Structure formats: structure tokens, C-alpha cells
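# Inside the fold
Residue-level listing of the chains:
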Amino acid sequence: MSFRIFLATAALTLPLAAQAESPDVAPGEWEFVSVTEVTADVDIPDQTNTERQCISQEELDSAEFGFIEEEEGCELLDQTMAADGLSYSMICRADGGEATIEGEMRFMGEQIEGDVDIVTESPMGAMTMKTRIEGERLGDC
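Analysis parameters
Residues numbered from 1 in each chain as written. Predicted model: local features only at pLDDT ≥ 70, side-chain atom pairs only at ≥ 80, totals over all residues. Heavy atoms only, no water. Disulfide = S-S within 2.5 Å. Helix = DSSP H or I, 4+ residues; strand = E, 2+ residues; numbered from the N terminus. Buried < 20%, exposed > 50% of the residue type's maximum accessible area, 1.4 Å probe, protein only. Pairing = 2+ DSSP bridges. Axes fitted to C-alpha atoms, helices over the stretch in contact; angles between N-to-C directions. Contact = heavy atoms within 4.5 Å. Polar contact = N/O pair within 3.5 Å; in protein donor to acceptor, adjacent residues only side chain to side chain. pLDDT = per-residue confidence, 0-100.

### Description of the state of the cysteines
Taken as a whole and assessed by the stated rule, the structure comprises 2 disulfides. One disulfide bridge connects Cys54 with Cys141, the sulfur atoms lying 1.8 Å from each other. Residues Cys54 and Cys141 are joined by a disulfide whose S-S torsion is about 105 degrees; by sign, that bridge is right-handed. Of this pair, Cys54 sits in strand 2 (residues 47-55) while Cys141 is found in the segment after strand 7 (125-139), placing the two residues 87 residues apart along the sequence. We classify Cys141 as exposed; its relative accessible area is 61%. Ordinal numbering of bonded cysteines along the protein chain defines a disulfide pattern of 1-4, 2-3.

See the structure below:
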């Protein structure tokens, strides 16, 4: 899972609007670890995902660069982007179900951390997913 689509842990994301300033993220090779805990009517084990990727300064400075990508059926309710982080809320609807998503990322130069909470209501019942994301710059690409 790419960091730019870290919210794809739920496959529910939206584009980030043009930014006034670059995020406080050092360019280079990054490793991201996400741990997702699921609470549902059925027992689902925690899921851990680790991925490495190179982020260039050009990408960070680009108005098109985003930490979130578009997914059909989603509506952004609120979004705040600053050099030190990103927070947002959205709702996604598909196949008779609905997911409410609250996310927050903190940018700290050579570290990134964040949380994404997703509450899903579907014909199969309610499910809550809590994902903790930690990123660390490893060095140059």
C-alpha cells in the first residue's frame, strides 16, 4: 500500500486540494507501517502492512501531490492541510452500505504518524476499523 493512498486500507479516499505550502516531510526513501484493528460481529485478526517508497522534493512541492486519492462514491466533508499535518472527514456509500471516515496525519520532517478511523454500516452489520500509521525516513533514494 502506497503512502499516497494510505487510506486505501479501506479503499475509501479523495484527492487533496492544492496546498499553500509543502508538507513538513523530508524527501527520500520512506518506510510506512500500518496496523489495522477491526471490530465486527465476526473475529477478524489485526492486519499489518509495511511498504517502502521514494518521495522526491518535486512531488512534495507539486500542487497535484496528495496523500489521498479519489475513490468513486465518496464525499469529502471537511479537510485541513498544513505543513505539520492533514486532517479530514468523509463519507462513502456503496452497495447499500455507508462508511464514515475520520483521519489525521502529523508530519514531523523525518517521521509521520497518523490515525484513520472508519465506521461502516452495511447489510452484513456494523464494523469499525482503526488504523495506526507510522512512517520513517530511511535515507536518500
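### Regarding the sheet that holds strand 4 (residues 85-94)
Overall, antiparallel pairing links the 7 strands, which are arranged 2-1-7-6-5-4-3 in an open sheet. With one partner strand each, in any of the chains shown, strand 2 and strand 3 (74-82) form the two edges of the open sheet. Adjacent strand axes in the sheet meet at a mean angle of 15 degrees when their direction is disregarded.

### Some words on the environment of Val35
If you trace the backbone, Val35 turns up in strand 1 (residues 28-40). A sequence separation of 12 residues divides Val35 from Gln47, and the C-alpha atoms of the two residues are 5.7 Å apart. In this structure Val35 touches Gln47, Thr48, Lys130, Thr131 and Arg132, once residues within four positions along its chain are discounted.

### A closer look at the environment of Glu104
With respect to the element layout, Glu104 can be found in strand 5 (residues 97-107). Taking the relative accessible area as the measure of exposure, Glu104 reaches 38% and is therefore partly exposed. For Glu104 and Asp115, which are 11 residues apart along the polypeptide, the C-alpha to C-alpha distance reads 5.5 Å. Other than its neighbours up to four places away in sequence, Glu104 contacts Leu86, Ser87, Glu113, Gly114 and Asp115. A polar contact of 2.8 Å, which involves the side chain of Glu104, links it to the side chain of Arg106.

### Brief notes about the confidence of the model for the protein chain
For the protein chain, mean pLDDT is 81; residues scoring 70 or higher make up 79% of the total. Predicted confidence is poor over residues 1-20, with pLDDT under 50, and the contacts of this stretch with residues over four places away or in other chains come to 77 contacts.

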